[in-house]
Amino acid sequence: MALIFKNFKENIFRLGPLILLVYICISEFHTQFYYWEIFSFNLQFIIIYYWILRDPSILGYGFIFLCGLFNDVILSLPLATSAMSYLFVSLVAAYVRNATVRSSLFTDWFTFVVAILIGNFIYFFLISNFSNGNIKYDDIFYNSLFTFILYPVFWGVFELYKKLIFVRVNA
Amino acid sequence: MSTSRDDFGIAIRSALLQRGAKQKFSLFVLILVSIFIFTLDNANLKPINFLRSLINDGIYRISAISSSPIKFSETTKDFFVKQVFVYKENERLKSELEQLKKSNLNSLYLKTENDSLQNILQLKKDSPYTLVNAKVILDKGSPYLNSVIINKGSNSGIKLGMPVLNQGFLAGRIVEVNFTSSRILLLNDLNSRIPVVVSPNGFQAILSGVGKKEPTLQYLPENFELNDKENLIFTSGKDGILFPGIAVGQVIVEENEVLAKLFSDPDQIFFVSVALDQAKEERER
């Protein structure tokens, strides 16, 4: 019984980032505010990049793909646009993980620029070529800028969470 | 040089194809599946549209349920903010009440006069449209789209392009219809373009969303003269989709552009009415 409870506890803690990602994609949670119009950031990119880079066993590629599909339906984007964008962010994270031996906040942070650029390029390319929607370039620029600026904050939060998982699992 | 290229190739290949201990799919396979789904969705085939409509309905319902904690927290915050300011508001309201009492007599006279004039002109007091009332179930902002989702769809007779009213004023138009849900493109969205007429001058213009709260008036005639307080904006019906004469907003003249202050605040849309058709009497007029 105790073992079952321990496994359950472990699974719940390990599912935390995935639950957060699904919730952000599927709910009304938004990171764009009318009162300070230029401020918005892409929390999905941060979550995906961090967890694929630091602990890929927490966040499966299949779930990332599904979250992208949910996001497309909610935002009325052509189906699989966000999914492709998220998968390319995952690809950059997986590449950095394979190519670097020791990673730190700064290496993660600066390689994240490449992930943001590629992720947003996929959005740009697919929306501007395959849909009738207009793109407001300055909004996307500010979104990318704040996503980049806020990465260290979430990096700190997720590092703490990772330690919490480790302590709980090994308790 | 060739060693570094080899390293890059190995790292990329590994990132694309390696599944790892807990990964059930490789990135390469999922990217291919995404491209396949994207192509199918863009092909605009009837069965795919039908399937997408079903998926949309399901996901919107799940999304509405999962958003309830956010809605609850916003309502709670609003409640406490209101409580904090209730004392000041009470004082202000007391003084306003005194003022209103004084003007009440005058208003009563004007109302009676207005009623009699309306009777003379035989104006309809009811809405001139056949309306379907709906509730906003999802309002998710994004840099790409300002739209909301309502809980009525094709099963209630809603079709693409129909105008949506909020408290009698134009709020947007229908851009996606599912069986039990629809998406409204709000007037301030970057993709929104509505043909309008500015009263009393009768200038024709296009109301274009710019992603901010106030859309702009474009394609006004040369040497136009507009005034902030006098000029109101109505739909012109020139596109043949929206009905003419729906109130939209008030003109705001700024240095280099003419903006529209919308009567229907895009941040405050909770219940809407979709205008299915003009009432018979209105069509005959």
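Only a predicted model underlies this, so the values are computations on that prediction, with no experimental measurement involved.

### Quick look at the overall build of chain B
Stage number 1. Looking only at helices and strands, chain B features five helices and 12 strands.
Stage number 2. Burial status across chain B gives 38% buried among its 285 residues.
Stage number 3. When contacts within chain B are restricted to residue pairs at least 6 apart in sequence, long-range pairs at least 24 apart make up 55% of them.

### Regarding the overall build of chain A
Stage number 1. On a plain count of helices and strands, chain A comes out with six helices and zero strands.
Stage number 2. By residue count, 52% of the 171 residues in chain A fall in the buried class.
Stage number 3. A separation of at least 24 residues holds for 75% of the contacts in chain A among residues at least 6 apart in sequence.
Stage number 4. Counting only carbon and sulfur atoms, one obtains 73% of the accessible surface of chain A, whose full area is about 8,000 Å².

### Observations concerning the interface of chain B and chain A
Stage number 1. Listed per partner, the contact involves 55 residues of chain B and 57 residues of chain A.
Stage number 2. Regarding the contact of chain B and chain A, the summed buried area is about 4,800 Å², with carbon and sulfur atoms giving 63% of it.
Stage number 3. Viewed at the interface, chain A and chain B are joined by zero salt bridges.
Stage number 4. Run the count over chain B and chain A and you get nine residue pairs in polar contact (both at pLDDT 80 or more).
Stage number 5. If you list the elements that add at least two residues to the side of chain B that touches chain A, you get α1 (2-17), α2 (27-42), α3 (46-66), α4 (68-121) and β1 (129-138) of chain B.
Stage number 6. Per-element accounting of the side of chain B that touches chain A gives the leading share, 10 residues, to α2(B).
Stage number 7. When the residues that make up the side of chain B that touches chain A are grouped by side-chain class, the tally is 27 nonpolar, 16 polar and 12 charged.

### Regarding the nonpolar core
One broad rule of soluble globular proteins: the nonpolar side chains tend to lie buried together.
Stage number 1. The biggest cluster of nonpolar side chains holds 72 residues, and the ones touching the most others in it are Tyr49(A) and Leu59(A).
Stage number 2. Lining this core are residues from two domains, each supplying at least three of them: domain 1 (2-66) and domain 2 (130-285) of chain B.
Stage number 3. Non-local contacts of Tyr49(A), meaning those with residues more than four positions away in its chain, are made with Val89(A), Val92(A), Ala93(A), Val96(A), Asp108(A), Thr111(A), Phe112(A), Ala115(A) and Tyr151(A).
Stage number 4. Counting residues in hydrophobic clusters, the runner-up holds 23 residues, among them Tyr129(B), Leu165(B), Val196(B) and Leu220(B).

### Some words on the packing of helix α3 (residues 61-75) of chain A against helix α4 (residues 81-99) of chain A
Residues and elements named next belong to chain A.
Stage number 1. At a closest axis distance of 7 Å, the pairing of α3 and α4 adopts a crossing angle of 150°. As summarised for this structure, α3 and α4 are arranged roughly antiparallel, according to the angle between their axes. As for the relative orientation of α3 and α4, their crossing is right-handed in sense. Residues Tyr 61, Ile 64, Phe 65, Cys 67, Gly 68, Leu 69, Asn 71 and Asp 72 of α3 form the contact with α4, whose own contacting residues are Thr 81, Ser 82, Ala 83, Tyr 86, Leu 87, Ser 90, Ala 94 and Arg 97.
Stage number 2. Grouping the amino acids of the contact of α3 with α4 by side-chain chemistry returns nine nonpolar, five polar and two charged.

### A closer look at empty space enclosed by the protein
Stage number 1. As enumerated under the stated definition, the model contains two cavities of 30 Å³ or more in all.
Stage number 2. In this structure, the second largest cavity spans a volume of roughly 40 Å³.
Stage number 3. If you go around the second largest cavity, the residues you meet are Ile74(A), Leu75(A), Leu138(B), Lys140(B), Leu145(B), Ser147(B), Val148(B), Ile149(B) and Arg183(B).
Stage number 4. Secondary structure elements with two or more residues in the lining of the second largest cavity: α3 of chain A together with β2 (147-150) of chain B.
Stage number 5. Ranked by residues supplied to the lining of the second largest cavity, first place goes to β2(B) with three residues.
Stage number 6. Residues of the lining of the second largest cavity, tallied by class, amount to six nonpolar, one polar and two charged.

### Structural notes on a nonpolar patch on the surface
All names here are of chain B.
Stage number 1. Among the surface-exposed residues, Leu 17, Phe 25, Phe 28, Val 29, Leu 32, Val 33 and Ile 35 lie close enough to one another that they form a single nonpolar patch of about 580 Å² accessible area.
Stage number 2. Of the residues forming the nonpolar patch, the biggest block, five residues, is contributed by α2.
Stage number 3. Among the secondary structure elements, Phe 25 is positioned in the loop between α1 and α2.

### Observations concerning the packing of α4(A) against α2(B)
Stage number 1. Packing of α4(A) against α2(B) brings their axes to within 9 Å, and their N-to-C directions diverge by 160°. Taken together, the axis directions place α4(A) and α2(B) in an arrangement best described as roughly antiparallel. As for the relative orientation of α4(A) and α2(B), their crossing is left-handed in sense. Here Thr81(A), Ala83(A), Met84(A), Leu87(A), Phe88(A), Ser90(A), Leu91(A) and Ala94(A) of α4(A) come into contact with α2(B), specifically with Leu27(B), Leu30(B), Ile31(B), Ser34(B), Ile35(B) and Phe38(B).

### Regarding the pattern of salt bridges
A pair can form between side chains of opposite charge whenever their charged atoms are brought close.
All names here are of chain B.
Stage number 1. Tallied over the entire structure, the rule returns seven salt bridges over all chains.
Stage number 2. When the shortest N-O distance is used, the salt bridge between Arg 92 and Glu 89 registers 3.7 Å. Taken together, the residues Arg 92 and Glu 89, both in helix α4 and three residues apart, mark about one turn of the helix.
Stage number 3. The class of Arg 92 is partly exposed, set by a relative accessible area of 42%.

### Some words on the side chain of Asn178(B)
Residues and elements named next belong to chain B.
Stage number 1. Within the secondary structure layout, Asn 178 lies in the loop between β4 (169-177) and β5 (182-186).
Stage number 2. Here Asn 178 falls in the buried class, since its relative accessible area comes to 2%.
Stage number 3. Within polar-contact distance, the side chain of Asn 178 engages the side chain of Ser 53 at 3.3 Å.

### Examining unusual backbone geometry
Stage number 1. The backbone phi angle of Ala80(A) is positive, close to 85°, even though this residue is not glycine.
Stage number 2. Note on placement: Ala80(A) falls in the loop between α3 and α4.
Stage number 3. Of note, the phi angle at Gln167(B) is positive, near 55°, even though the residue is not glycine.
Stage number 4. Looking at the secondary structure, you find Gln167(B) in the loop between β3 (163-166) and β4.

### Details of the layout of surface pockets
Stage number 1. Estimates place the volume of the second largest pocket at around 1,100 Å³.
Stage number 2. Residue lining of the second largest pocket: 31 residues in total, with Ser76(A), Asn132(A), Arg52(B), Val175(B) and Glu176(B) positioned closest to the centre.
Stage number 3. Elements that contribute at least two residues to the lining of the second largest pocket include exactly α5 (105-130) of chain A together with α2, α3 and β4 of chain B.
Stage number 4. Ranked by the residues each element gives to the lining of the second largest pocket, the list is headed by α3(B), at six residues.
Stage number 5. Residue composition of the lining of the second largest pocket, grouped by class: 13 nonpolar, 13 polar and five charged.
Stage number 6. Each of domain 1 (2-66) and domain 2 (130-285) of chain B contributes no fewer than three residues to the lining of the second largest pocket.

Cut-offs and rules
- Along each chain, numbering runs from 1 in the same order as the chain's sequence is written.
- Chain labels run from A onward and ligand labels from 1 onward, assigned in the order the entries are written.
- Given that the model is predicted, a residue must reach a pLDDT of at least 70 before its local features are reported, and side-chain atom pairs must reach 80 or more before they are shown or counted; all residues, however, enter totals for whole chains, interfaces and linings.
- No hydrogens and no water enter the side-chain calculation; it runs on all heavy atoms of the structure.
- Secondary structure elements follow DSSP: runs of H or I of four or more residues count as helices, runs of E of two or more count as strands, with numbering from the N terminus.
- Buried, partly exposed and exposed residues are distinguished by accessible area as a fraction of the type maximum, computed with a 1.4 Å probe on protein chains only: under 20%, between the cut-offs, and over 50%, respectively.
- Residue contacts are defined here by distance: any two heavy atoms, one from each residue, within 4.5 Å place the two residues in contact.
- Here the Shrake-Rupley method, with its probe set to 1.4 Å, supplies the accessible areas, and only the displayed protein chains count as covering residues.
- As a working definition, buried area equals the accessible area (1.4 Å probe) given up by two parts on being put together, with both sides summed.
- For this analysis, a salt bridge means a side-chain nitrogen from Lys or Arg found within 4 Å of a carboxyl oxygen belonging to Asp or Glu.
- Polar contact criterion, stated in full: a pair of N or O atoms within 3.5 Å, where within protein one must be able to donate a hydrogen and the other to accept it, and residues adjacent in sequence count only if both atoms are side-chain atoms.
- Each residue gets one of three labels, nonpolar for Ala, Val, Leu, Ile, Met, Phe, Trp, Tyr, Cys and Pro, charged for Asp, Glu, Lys and Arg, and polar for the others, Gly among them.
- The definition of a nonpolar core used throughout is a set of buried Ala, Val, Leu, Ile, Met, Phe, Trp, Tyr and Cys residues joined through side-chain atoms within 4.5 Å.
- Segmentation of the chain into domains, including their bounds, is taken from an automatic or database domain assignment.
- Note on definitions: angles span 0 to 180 degrees between N-to-C directions of axes, and those axes are lines fitted to C-alpha atoms, for helices only across the stretch in contact.
- An angle below 35 degrees is treated as roughly parallel, one above 145 as roughly antiparallel, one from 65 to 115 as roughly perpendicular, and anything else as oblique.
- The hand of a helix crossing depends on one turn: near helix anticlockwise from the far one by less than a right angle means left-handed, and clockwise means right-handed.
- A 1.4 Å probe that fits but cannot get out identifies a cavity on a 1 Å grid over protein atoms alone, an open set with protein on both sides within 12 Å along at least five of seven lines counts as a pocket, and a residue lines either if it has an atom within 4 Å of a point.
- Grid points are joined across faces, edges and corners, and a volume is the space filled by probe spheres set on the points.
- Only residues above 30% relative accessible area that lack a salt bridge enter a patch, with like-charged residues linked at up to 9 Å and the nonpolar side chains Val, Leu, Ile, Met, Phe, Trp and Tyr linked at up to 5 Å.

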